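The residues making up each chain are set out below.
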Amino acid sequence: MRLSAKWTQLLILFLLIALLPLFFPSGYYFRVGALIFVNGLAVIGIVILTGYAGQISLGHAGFAGIGAYASALAPGHLGLHPLLAVVLGALVSAAVAWLVGRPILRLKGYYLAVASLGFGILVAMVLSNERALTGGPDGMPVPDPGLRDLLKDLGLKLTGGEFWYWCCGLCLLIGAWAALNLQASPTGRALRALHGSEVAARTVGIDVARLKLQAFTISAVYASVAGSLLAMQNRFITPDVAGFMHSIEMVTMAVLGGVGSVIGAIFGAVILTLLPQVLTVFADYEQMVLGAVMILVMIFLPEGLIPSLARKLRGRGE
Amino acid sequence: MKTLTTTALALIAALGVAGPGLAEIRLGASLSATGPASFLGDPEAKTLEMMVEARNAAGGIDGEPVELVLYDDGGDPNKALTFATRLVEDDEVVAIIGGSTTGTTMSILSVAEDNEIPFVSLAGAVSIIDPVRPFVFKTPHTDRMACEKIFTDMAARGIEKIGMISGTDGFGASMQAQCKDVVGQFGIEIVADETYGPKDADMTPQLTKIRGTEGVQAVLNPGFGQGPAIVTRNYHQLGIDLPFYQSHGVASDAFIELAGADAAEGLRLPGTALLIAGQLAEDDPQRAVVQAYKAEFEAAYGMEVSTFGGYAHDAFALVIDAISRAGGTDPAAIRDALEATSGLVGTTGTYSFSADDHLGLDLSAFRLLEIRDGGWVPVD
């Protein structure tokens, strides 16, 4: 029996997440792994929006901010369990994305990029200025979800780093599974049709505006959950999480790895999360090397690393 | 085979990768040497590098060399947390210095506490050491103390009603809140409370509003970066002749240059001994330390010392002192020695820690300075 492409990708991802810890020399690698998974999750959202539907958002960190601050605020102010706070953050993000996207996505072109840019900056400003609630630019602590203690009671003792590695890894797998399912569904095919040509998609009866709005809303949920996970594992959050640079980082990761492919985008997250850690040796040249890597990929592998390399390999095989 | 071993050893030495077998004291630091907080992190990183080199040239600690593992978190709390984890888990440092900003400090703090590694922060907020956490110390004054110092002076001048104009950046916002919290204790009332964004280019409207408020006798401007310089220039342009106070966030010569000596004339702020190194009295306990640091730093880098570099200077001195008293590199022993620090003279003040005080400075460490003819003059 041959595995479908979807299950092959998921299996590879699962094996990588499950087996890599065998080679980790210290707890620090679990932390880096968890960060990669969180970034990967957010970037899958970008794949759905940009890779499938062909829309660009420059404010996705705003949704990460909503998710992060939901995790920080809801348990204390609303008495919600931290896990329900994640759900609340996701719901709020989806609602906001729907409200922001609904008027804009009826238009063709790059209006979403500009509107989302404004939206992201707005969220960051609110988080910095609402000092009484959010602690302002100095940030605020985030309550622990208590899952680690639960596992401890069940006899499974994990360090904080290990726990978040497995937790974020699991979330990434679920996120990737959902995105790959979407790709293979009629909605996914309709999204790709509209990516190819909005006019053509409309003539075959696809509700373009509604589909784009759906993609935007789903991707906002991904960013929001990623933001919540980051906040809970850091146990402290500042408005930086909603900052413009974070939005740009997400898009860059997706484009670098291959915005049309879930695995590619995760790979982009791997590279851009790992590089700054590897490059601490050349701290002064870090930005330069990052820039050079990106320019080279754009010139020589315009579809992103994974899709371009996959095509090259396939071409050689034939 | 022997050549191979030698080559391998040379390679290891060249890469700067020292095995744990080598008797060496590893200190970790995560500072914001680049990014928006680089005006804090850059002098701090330079100071640490300079002091480690000087220390090793003088034989290290009890003959053992000190190695500094320094990371640049760019002011991003998320990166700072990753680097702190790396310092503890991978580099196996015995103590951490750093956290240039309150945000990065709060991230590093949880790692230090979890792994029981002593951590000396270089950030201002009270929340870092209140409540006291066993492994967390800090060297700069709190913004609350700056408020108290300023209000003490205001009260002495008979000022009862003031206007405040604060930056909305982390520093300004935090100090604004602390000042509002303690102002009542000094019999002073804040009758006007304005803010500006850290990148605003003109604060004339806010100042005009403060000037127009009934009964204002003085104005206080908590903030750092270019904002306070613009406020100072606008203040001068509007011809407001009320006493004007700045915060310790702008206690540097660069501020006078930016604001212009004319505009800055007569304003007061709480600063450290570093700003008046040349004017310290012969019997001033800080004189020797401050002058030595200033001379070394300026010789090494050809740039002015800053208060912020001084925080790193003091943190390093505290950690080194604690390690030599602990008689080893066990982090718990270093923590105990740190907490027992008594009367250590730094550039910021004289530190004496205790089980319920991990800042170890009092108001006397702050000096109230006035700008006269483009220079600093102590007023108390």
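Rules behind the numbers
Counting restarts for each chain, with residues numbered from 1 along the sequence as it is written. The order in which chains are written sets their letters, starting at A; the order in which ligands are written sets their numbers, starting at 1. Whole-chain, interface and lining totals are the exception, using all residues; otherwise, since this is a predicted model, local features are given only for residues with pLDDT of at least 70 and side-chain atom pairs are given and counted only at 80 or more. Hydrogens and water molecules were not included; the side-chain quantities draw on all heavy atoms of the structure. UniProt positions are given in the numbering used here, feature names are shortened, and annotations may be inferred rather than shown by experiment. Elements are defined by DSSP. Helices are runs of H or I of four residues or more, strands are runs of E of two residues or more, and each kind is numbered from the N terminus. When DSSP finds two or more bridges between two strands, those strands count as paired. Throughout, an axis means a line fitted to C-alpha atoms (over the contacting stretch in the case of helices), and angles, computed between N-to-C directions, take values from 0 to 180 degrees. In this description, contact between two residues means that some pair of their heavy atoms is separated by no more than 4.5 Å. Cavity means a closed set of points on a 1 Å grid over the protein atoms alone, one where a 1.4 Å probe fits but cannot get out, pocket means an open set with protein on both sides within 12 Å along at least 5 of 7 lines, and lining means a residue has an atom within 4 Å of a point. Grid points are joined across faces, edges and corners, and a volume is the space filled by probe spheres set on the points. Amino acid classes used here: Ala, Val, Leu, Ile, Met, Phe, Trp, Tyr, Cys and Pro are nonpolar; Asp, Glu, Lys and Arg are charged; the rest, including Gly, are polar. Here is the rule: rings of Phe, Tyr and Trp (six-membered ring for Trp) pair when centre to centre is within 6.5 Å. Planes less than 30 degrees apart are stacked, more than 60 are edge-to-face, and the remainder are tilted. Think of it in three bands: with a 1.4 Å probe and only protein chains considered, a residue is buried below 20% of the maximum accessible area for its type, exposed above 50%, and partly exposed in between. Geometrically, a charge over a ring is one whose NZ (Lys) or CZ (Arg) sits within 6 Å of the ring centre while staying within 35 degrees of the ring normal. An automatic or database domain assignment supplies the start and end points of every domain. Two parts lose some accessible area (1.4 Å probe) when they are put together, and adding that loss for both gives the buried area. Salt bridges are identified by distance alone: a Lys or Arg side-chain nitrogen within 4 Å of an Asp or Glu carboxyl oxygen. Note that a disulfide, as used here, is simply two cysteine sulfur atoms within 2.5 Å. As a per-residue quantity, pLDDT reports the predictor's confidence and falls between 0 and 100. Each nonpolar core is a collection of buried residues, namely Ala, Val, Leu, Ile, Met, Phe, Trp, Tyr and Cys, held together in the definition by side-chain atoms within 4.5 Å. Throughout this description, a polar contact denotes any pair of N or O atoms lying within 3.5 Å of each other; where both atoms belong to protein, one of them has to be capable of donating a hydrogen while the other can accept it, and for residues adjacent in sequence the pair is counted only when both atoms sit in side chains. The arc refers to the directions leading from the helix axis to the C-beta atoms.

**Focus on the UniProt feature "domain: Leucine-binding protein" (unreviewed entry) in chain B**
For step 1, the next point in the chain: Mapped onto this numbering, the UniProt entry annotates "domain: Leucine-binding protein" (unreviewed entry) at residues 24-360 of chain B.
For step 2, the next point in the chain: Here residues 24-360 of chain B is 45% helix and 16% strand, with 29 Å between the C-alpha atoms at its ends.

**Some remarks on the sheet that holds strand S2 (residues 66-72) of chain B**
Residue and element names in this part refer to chain B.
For step 1, the next point in the chain: Ordered in space as S2-S1-S3-S4-S5, the 5 strands form an open sheet in which the pairing is parallel. Each edge of the open sheet carries a strand with a single partner, namely S2 and strand S5 (136-138). Recorded for the sheet is a direction-independent mean angle of 20 degrees between the axes of neighbouring strands.
For step 2, the next point in the chain: As defined by bridge partners, strand S3 (residues 95-98) adjoins strand S4 (residues 119-121) across 3 bridges and the pair is classed as parallel. Directly across from Ile96, in S4, lies its bridge partner Phe119.
For step 3, the next point in the chain: Across the sheet, helix H12 (residues 307-326) lies against strand S1 (25-31), S2, S3 and S4, angled at about 155 degrees from S1, the strand it touches most.

**Overview of empty space enclosed by the protein**
Residue and element names in this part refer to chain A.
For step 1, the next point in the chain: One pass over the full model with this rule turns up 1 cavity of 30 Å³ or more.
For step 2, the next point in the chain: Volume-wise, the largest cavity comes out at about 60 Å³.
For step 3, the next point in the chain: What lines the largest cavity is simply Val38, Asn39, Ala42, Ala64, Ala226, Gly227, Leu230, His246 and Met250.
For step 4, the next point in the chain: For the lining of the largest cavity, the secondary-structure elements that each account for two or more residues are helix H2 (28-52), helix H11 (208-234) and helix H12 (244-257).
For step 5, the next point in the chain: Residues belonging to the lining of the largest cavity are distributed by class as follows: 6 nonpolar, 3 polar and no charged.

**A look at the packing of aromatic side chains**
Residues and elements named next belong to chain B.
For step 1, the next point in the chain: Here the structure, examined in full by the defined rule, presents 21 aromatic pairs over all chains.
For step 2, the next point in the chain: Centre to centre, the rings of Tyr293 and Phe297 are 5.8 Å apart; their planes meet at 55 degrees, and the pair counts as tilted. Of this pair, Tyr293 and Phe297 both sit in helix H11 (residues 287-301), 4 residues apart, which is roughly one turn of that helix.
For step 3, the next point in the chain: What makes Phe297 buried here is its relative accessible area of 0%.
For step 4, the next point in the chain: Over the aromatic face of Tyr301 sits the side chain of Lys46, whose NZ or CZ is 5.8 Å from the ring centroid.
For step 5, the next point in the chain: Its end group placed over the ring of Phe135, Arg335 keeps NZ or CZ at 5.7 Å from the ring centre.

**Describing the domain arrangement of chain B**
Residue and element names in this part refer to chain B.
For step 1, the next point in the chain: You can read the domains of chain B as domain 1 (2-142 + 290-363) and domain 2 (143-275 + 366-378).
For step 2, the next point in the chain: Computed over C-alpha atoms, the centres of domain 1 and domain 2 are 31 Å apart.
For step 3, the next point in the chain: Contact with domain 1, which involves 21 residues of that partner, is made by 16 residues of domain 2.
For step 4, the next point in the chain: In this assembly, domain 1 packs against domain 2 so that about 1600 Å² is buried in total across both faces, 65% of it on carbon and sulfur atoms.
For step 5, the next point in the chain: Counting across the domain 1 and domain 2 interface gives 0 salt bridges.

**Notes on the state of the cysteines**
Residues and elements named next belong to chain A.
For step 1, the next point in the chain: Taken as a whole and judged by the stated rule, the model has 1 disulfide over all chains.
For step 2, the next point in the chain: Cys167 forms no disulfide, and the closest cysteine sulfur to it belongs to Cys171, at a distance of 4.7 Å.
For step 3, the next point in the chain: Its sulfur unpaired, Cys168 is 5.4 Å from the next cysteine sulfur, which belongs to Cys167.
For step 4, the next point in the chain: Residue classification places Cys168 among the buried positions, given a relative accessible area of 1%.

**Things to note about the pattern of salt bridges**
Residue and element names in this part refer to chain B.
For step 1, the next point in the chain: For the structure on display, the rule yields 20 salt bridges over all chains.
For step 2, the next point in the chain: In this structure, Glu67 and Arg26 form a salt bridge, with 3.2 Å as the shortest nitrogen-oxygen distance. You can see Glu67 sitting in strand S2 and its partner Arg26 sitting in strand S1, a full 41 residues away along the chain. Comparing Glu67 with Arg26 shows no difference in burial state: the two are buried.
For step 3, the next point in the chain: Measuring nitrogen to oxygen at the nearest pair gives 2.9 Å for the salt bridge that ties Arg268 to Asp153.

**Description of the confidence of the model for chain B**
Keep in mind that low pLDDT regions are not for reading the predicted coordinates in detail.
All names here are of chain B.
For step 1, the next point in the chain: Put simply, chain B has an average pLDDT of 89, and 94% of its residues get 70 or more.
For step 2, the next point in the chain: In this model residues 1-22 is a low-confidence stretch, pLDDT under 50, and it forms 5 contacts with partners more than four residues away in sequence or in other chains.
For step 3, the next point in the chain: Among the prediction metrics, the complex's ipTM stands at 0.87, with pTM recorded as 0.87.

**With respect to the nonpolar core**
For step 1, the next point in the chain: Leu27(B), Phe151(B) and Met154(B) are the most contacted members of the largest nonpolar core, which has 116 residues in total.
For step 2, the next point in the chain: Setting aside chain neighbours within four positions, we find Phe151(B) in contact with Ile162(B), Cys179(B), Val182(B), Val183(B), Phe186(B), Ile188(B) and Leu220(B).
For step 3, the next point in the chain: By size, the runner-up hydrophobic cluster in this structure holds 90 residues, among which are Leu41(A), Tyr69(A), Tyr165(A) and Leu182(A).

**A few points about the UniProt feature "transmembrane region" (unreviewed entry) in chain A**
For step 1, the next point in the chain: Taking the numbering used here, the UniProt-annotated feature "transmembrane region" (unreviewed entry) corresponds to residues 7-24, 30-49, 80-100, 109-127, 163-182, 254-275 and 287-306 of chain A.
For step 2, the next point in the chain: The span residues 254-275 of chain A is 82% helix and 0% strand, and its two end C-alpha atoms sit 15 Å from each other.

**Regarding the interface of chain B and chain A**
For step 1, the next point in the chain: Residue-level contacts link 24 residues of chain B with 20 residues of chain A.
For step 2, the next point in the chain: Interface area for chain B against chain A, summed over the two sides, is near 1900 Å², with a carbon-plus-sulfur share of 55%.
For step 3, the next point in the chain: Together, Asn78(B), Thr82(B) and Arg86(B) form the three largest contributors to the area buried by chain B at its contact with chain A, with a combined 24%.
For step 4, the next point in the chain: Counting every contact that joins chain B to chain A gives 1 salt bridge.
For step 5, the next point in the chain: In this structure, Arg235(A) engages Asp114(B) in a salt bridge whose closest nitrogen and oxygen atoms are separated by 2.7 Å.
For step 6, the next point in the chain: Counting across the chain B and chain A interface gives 8 residue pairs in polar contact (both at pLDDT 80 or more).
For step 7, the next point in the chain: If you list the elements that add at least two residues to the side of chain B that touches chain A, you get helix H3 (77-90), helix H4 (102-115) and helix H6 (170-182) of chain B.
For step 8, the next point in the chain: Among the elements that line the side of chain B that touches chain A, the one with the most residues is H3(B), at 10 residues.
For step 9, the next point in the chain: Here the residues of the side of chain B that touches chain A sort into 7 nonpolar, 11 polar and 6 charged.

**Describing helix H9 (residues 186-196) of chain A**
Residues and elements named next belong to chain A.
For step 1, the next point in the chain: For H9, every residue scored as buried is listed here: Gly188, Ala190, Leu191 and Leu194. Axial view of H9: buried residues confined to an arc of 160 degrees, hence all on one face. Among the exposed residues of H9, those oriented more than 90 degrees off its buried face are Pro186 and Gly196.
For step 2, the next point in the chain: On the buried face of H9, the contacting elements are H2, helix H8 (160-184), helix H10 (198-203) and H11.

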